[in-house]
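This is what each chain is made of:
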Amino acid sequence: MDFRNSTQLDSTRLHALLLRYTVVWPHDPLRVRVRYSRGAEFSGTCYYQDARIYVNLGRNNRYPYALGTNLARCRTDRGGWSREIYSVRLRDAYQLVLFIYLHELYHYLIYRAGRCPRQKEGMCDRFAARVLVDDFAAPVTDGRGREVPRLAWDFQDLHRFVAAARLRPWRPPGPRNPQAVAGRERGRSTLGPKG
């Protein structure tokens, strides 16, 4: 993994933290950049065809940080679908970077596994939330601040869904599509604040 950090967070600690959760997946081609955002509290982008992940962190965030997510199940009715926002409470900036990184990493793994990368935000959030809940005891709460039972948000076999990512050899990206729609880059996923 080619890792660069331009924030005030300790680069050695941050790299070790991200690598700890990446080592079981193919990660040699990954280029990861952690930097400050231009104003948003956070954002993340994965250019999965190029194996690039950007994590953008707000300079003025206050911690602990309640991160709104897409963990809840979708509900459908006559008018369409909706999803309740569940929050994951993150203790510090390292945990926020880790969540964003894992979310974007899962987008990359979906692509490597040969799956359609569209509309997978809930799966990506679940992949990241599992780590924060299991390894850092981060609570998941609903809009009223009540803790959400694990079975209400952790209901998919996420590792099986991307298991083929371990088996597929990485190919360098081909030339970019010059006819891509303006404002929408091919092979890209983005994450930003919910709500």
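What counts as what
- Residues numbered from 1 in each chain as written.
- Predicted model: local features only at pLDDT ≥ 70, side-chain atom pairs only at ≥ 80, totals over all residues.
- Heavy atoms only, no water.
- Helix = DSSP H or I, 4+ residues; strand = E, 2+ residues; numbered from the N terminus.
- Buried < 20%, exposed > 50% of the residue type's maximum accessible area, 1.4 Å probe, protein only.
- Contact = heavy atoms within 4.5 Å.
- Areas by Shrake-Rupley, 256 points an atom, 1.4 Å probe, with all protein chains shown as cover.
- Expected span 1.5 Å × (residues − 1).
- Polar contact = N/O pair within 3.5 Å; in protein donor to acceptor, adjacent residues only side chain to side chain.
- Core = buried A, V, L, I, M, F, W, Y, C linked by side-chain atoms within 4.5 Å.

> How would you sum up the overall build of the protein chain? Please name residues and give values.
A count of helices and strands for the protein chain gives five helices and ten strands. For the protein chain, the residues scored as buried account for 49% of the 195 residues in total. Excluding contacts between residues fewer than 6 apart, the proportion of contacts in the protein chain whose partners are at least 24 apart in sequence is 66%. Here the protein chain displays about 10900 Å² of accessible surface, and carbon together with sulfur accounts for 47% of that area.

> Lay out helix H2 (residues 93-112) in plain terms, naming residues and giving numbers.
The end-to-end C-alpha distance of H2, which contains 20 residues, comes to 28 Å, matching closely the 28 Å that a straight helix rising 1.5 Å per residue would cover. The element H2 is largely enclosed, with a buried count of 19 among its 20 residues. Taking the backbone nitrogen of Tyr 94 as reference, a side-chain oxygen 3.2 Å away marks Asp 92 as the first, capping residue of H2. Positioned one or two residues after H2, Gly 114 has a phi angle of 80 degrees, which is positive.

> Give a description of the nonpolar core that names residues and reports values.
If you look at the biggest cluster of nonpolar residues, it comprises 57 residues, and the most contacted ones within it are Leu 30, Val 88, Tyr 101, Leu 102, Leu 105, Tyr 106 and Leu 109. Of the residues forming this core, the biggest block, 14 residues, is contributed by H2. Setting aside residues no more than four positions away along its own chain, Leu 102 makes contact with Tyr 21, Phe 127, Ala 128 and Val 131.

> Lay out the environment of Tyr 94 in plain terms, naming residues and giving numbers.
Take Tyr 94: it is sitting in helix H2. Given the relative accessible area of 12%, Tyr 94 is considered buried. Taking the C-alpha atoms as reference points, Tyr 94 and Leu 57, 37 residues apart in sequence, are found 10.0 Å from one another. Beyond its immediate sequence surroundings of up to four residues, Tyr 94 is in contact with Leu 9, Asp 10, Arg 13, Leu 14 and Leu 17.

From the geometry alone we can't say anything about function, so treat these as descriptive.
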